[in-house]
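Listed below, chain by chain, are the residues.
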Amino acid sequence: MEEEKNSRRTFFKKSLTTGLASAMSITLLDSCNDLAKPEGEQVMVMTTDGRLVAVDSSAMHEVSREPAIGDEARQGIPGRKFVMVIDLGKCNNVGKCTTSCQKGHDLSASQKWMQVILMKDSQETDPYWMPKPCFHCDNPPCVKVCPVDATYKRQDGIVLVDNERCIGCKFCMSACPYSARIFNWEDLPQYEDTETTYSPETSVPGRVGTIGKCDFCPDLSRKGKLPHCVSGCPMGAIYFGDANEDAVSNGTETVRFKKLLADRYGYRQLEELGTEPRVYYLPPTERMFPYERGLDRLDEKHLELYKDII
Amino acid sequence: MAEINYDKLLAKFEHPIRKPSRSWWILMAIMLLFLLIGVFALIQQIVHGHIVTGMRDHVVWGVFIVNFIYFLGIGYAGAILACVFHLTRLRWTKPLHRIAELFAIIGSCIGPIFIFLCIGRLDKIHYIFTYARIQSPITWDVIAIVTCLILDFTYLYIAHIRDFAKLRDTKVFKLPAWKKKLYTKLSLGYDGRPEQIKKLNRAQNILAATIIPTAIFAYSLLGYLFGMSLRPGWHSTLFAPEFVLVSLYSGIALLIVLMWVYRRRYQLVNIITDQHFYYSGYALFLLSAGFGYFTFSEYITEWYNVSVTHGKWISKFFDFSEYGGMSLITILFAIAIPLIVLLIPKFRSPDSITFVSVLVLIGLWFKRYLIIVPTLETPYFPIQEIRPEYVHYQATWIEWALTLAGIALGVILLMIFNTLAPVVPVAEMEHEDEITVPKPFYHSIK
């Protein structure tokens, strides 16, 4: 068992390094990017779907790790199918996912792209804290209704918003059954940032009068890093990874995606709507704390929010 | 309707056609004032962003989209009424044609203004055309609205040609030279030759037959825009037919109100008779019954067996701390009072029918509010938000000022149209009286 776990881990490590480095269909490991190599030399490269292939070194070039702009930001990272798994048993309403997301995306304190809500499914069942990002649906109602192609589905599964295109009609907001979209109501000082090149992958700088939402941080994926909310969560409640690789990580442990879902009865929100979300939840079975712990640091104003539940 | 002296009838419209009266200018000034306040509010919204409105992340559209649906509904209803009147050759409706044609155009022009107010980046509005995606119901709506506007304008113009010609030739009052010239241009050389009449009639027939299904479908599209959403309260197959019925209902109500206003203003008691009010009142009655039926079907179906979020939504209509009061107003104004007043002969009079129509117009505005706001306030996931304005929508003065400005703009446009042509199609009525009335078809049965 231990051995199996190890080999899986090494396998994952290998494929993660090769995979994250690849933005083109066939790319190379960091160590292979010496462009001075004589022509004709064959380099062994593992593709994102796990095949080992030989490539002429002259045909290779280094992959950009910058956030994509323009058409490339609409294509997505080839070979990827990003997924998120949120372990409800671990969430303690610390709110670090929200704040680190806000920090990473230059948002104000009220713009919650990742929000933790208190859920109670029925009278007798126990409440639980639920971090709620954008679900990056495979059948996204928001993308369907966009009149100007400002929000789109990429081949890596991510639904992005192009704020340069967005006209702010808010139809996507009303179409989203998960209330995942946030409008940029006010012109914030950080929107004035002229130094940063806007990319739909970073959603920075924001623009007043357009829509913002969780973007699964594809710019970080290009750099081989985990999204802000994942690395920000001290409980390790949020896992992020690639369904093609069948691996997700919360920063401290990396596990098999399918096995995690199978072992912990993973499910998706409002499955019956047919939106096919890319965010999975693990039921709050193996709780690390009672849900009341999440109320500890709250003032009266916030406690008032949950009066119907607690 | 015989024995009308059409020159005398035309003379009633000397003001404002020849020269607007003082009262016209006073009303115009008041309306312009409202419009100016609206423009000021609009500038506020453009400068400070949508934060100055009551719209927030859950209720993303508020009073603006309510007005959009409302005015567009009035517009489509006007178009349908005018065309149905024309095609069915209901002779008694002749004096009402122009009124319906006018609010068809005005409603369809003002409605879209309100959808622009919902848009965060007006500077990029042309993307709707340059990056149009046919999958989006908004694109359908753009196509539908533009199509209807073109058809309506063409129809309005064709329906005006005879009156333009009459005004060009009239000796009843002396028009200023520029206006005479304008009518000469606009009447396209119409002088009542048989082939002109034939062509005009044919054009009007074809347009009317095109406009009716187009308008019905265009307003249905608006119903689909909401109905196709997955939201509890919107996802309903009833929406499109209900939208069309509500649109006709508000159209008839507005027609009656305008009939009342114009009858008083131009002393048209012999032209817009009491009988006109009674007949329109019957239509109003039927539509209020239809509206009541739709409302009942909607509430009872949603209430009897209900999913969780639907349940939260429907319960808001019976809760007076939520939308109970507003839904009661809708039921009283647009269902109960019209049914009672119009059903009992003793209560029926031109004034009471007009009063009921005003109530209907108010009630149907609230109906649209109830379609939009409670649904947006009831998403699948609970709204856990400490800022109260994000939980409950409350329109700000900006939105109310712009709403009033929209109504004012409607009145202004109506008044401007009134300076161009009489509000009843005088020339057409005259022509109708001249031609021999075709005998009813049963006379040909031997």
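A brief look at the structure comes next. (Residues numbered from 1 in each chain as written. Chains lettered and ligands numbered in written order. Predicted model: local features only at pLDDT ≥ 70, side-chain atom pairs only at ≥ 80, totals over all residues.)

Helices and strands together make up the secondary structure of chain B, namely 17 helices and zero strands. Taking 446 residues into account, the globule formula puts the C-alpha radius of gyration at 22 Å, and chain B, at 23 Å, falls close to it. With the C-alpha coordinates of chain B rotated into their principal frame, the extents come out at 70 × 55 × 40 Å. Every one of the 446 residues in chain B was classed for burial, and the buried ones make up 45%. Considering only contacts in chain B between residues 6 or more positions apart, those separated by 24 or more positions represent 81%. (Helix = DSSP H or I, 4+ residues; strand = E, 2+ residues; numbered from the N terminus. Rg over C-alpha atoms; globule rule 2.2 N^0.38 Å. Buried ≥ 20, exposed ≤ 12 C-beta atoms within 10 Å, placed from the backbone. Contact = placed C-beta atoms within 7 Å.)

Let us now look at the interface of chain A and chain B. Across the contact, 36 residues belong to chain A and 33 residues belong to chain B. Of all the secondary structure elements, the ones that give two or more residues to the side of chain A that touches chain B are strand E4 (115-119), helix H4 (141-145), helix H5 (171-175), strand E8 (182-183) and helix H9 (300-305) of chain A. The dominant element in the side of chain A that touches chain B, judged by the number of residues it contributes, is H5 of chain A, at four residues. Looking at the side of chain A that touches chain B residue by residue, the classes come out as 22 nonpolar, six polar and eight charged. (Nonpolar A, V, L, I, M, F, W, Y, C, P; charged D, E, K, R; others polar.)

Among soluble globular proteins, nonpolar side chains are generally buried collectively. Ile238 of chain A together with Ile99 and Leu255 of chain B are the most contacted members of the largest nonpolar core, which has 192 residues in total. At 18 residues, helix H4 (residues 63-88) of chain B tops the list of elements feeding residues into this core. With residues up to four places along the chain from it excluded, the contact list for Ile99 of chain B reads Leu255, Leu258, Met259, Tyr262 and Val423 of chain B. (Core = buried A, V, L, I, M, F, W, Y, C linked by C-beta atoms within 7 Å.)

Here the focus is the sheet that holds strand E3 (residues 82-87) of chain A. Residues and elements named next belong to chain A. Here we have five strands laid out as an open sheet, ordered E12-E11-E10-E3-E13, and mixed in their pairing. Edge positions in the open sheet fall to strand E12 (254-256) and strand E13 (279-282), since each of these has one partner strand only. Ignoring which end each strand starts from, the neighbouring axes of this sheet average 25° apart. Here E3 runs beside E13; their pairing, made up of four bridges, is parallel. (Pairing = 2+ DSSP bridges. Axes fitted to C-alpha atoms, helices over the stretch in contact; angles between N-to-C directions.)

Tracing the backbone through its elements, the reader meets Val66 of chain B in helix H4. Taking the C-alpha atoms as reference, Val66 of chain B lies 26 Å from Leu156 of chain B; in sequence the two are 90 residues apart.

Right, let's talk about unusual backbone geometry for a bit. The omega torsion across Val204 of chain A and Pro205 of chain A is -5°, close enough to zero to call that bond cis. By the secondary structure assignment, Pro205 of chain A is in the loop between E8 and strand E9 (211-212). Note that the residue after His15 of chain B, namely Pro16 of chain B, is joined by a cis bond; omega there is 10°. Tracing the backbone shows Pro16 of chain B in helix H2 (residues 14-17). Even without a glycine there, the phi angle at Lys170 of chain A is positive, about 70°. Among the structural elements, Lys170 of chain A can be located in the loop between strand E7 (159-161) and H5. For Leu188 of chain B, which is not glycine, the phi torsion reads 55° and is therefore positive. Secondary-structure assignment places Leu188 of chain B in the loop between helix H8 (177-186) and helix H9 (194-227). Since 13 C-beta atoms lie within 10 Å of it, Leu188 of chain B is described here as partly exposed.

Geometric values such as these leave the question of function open.
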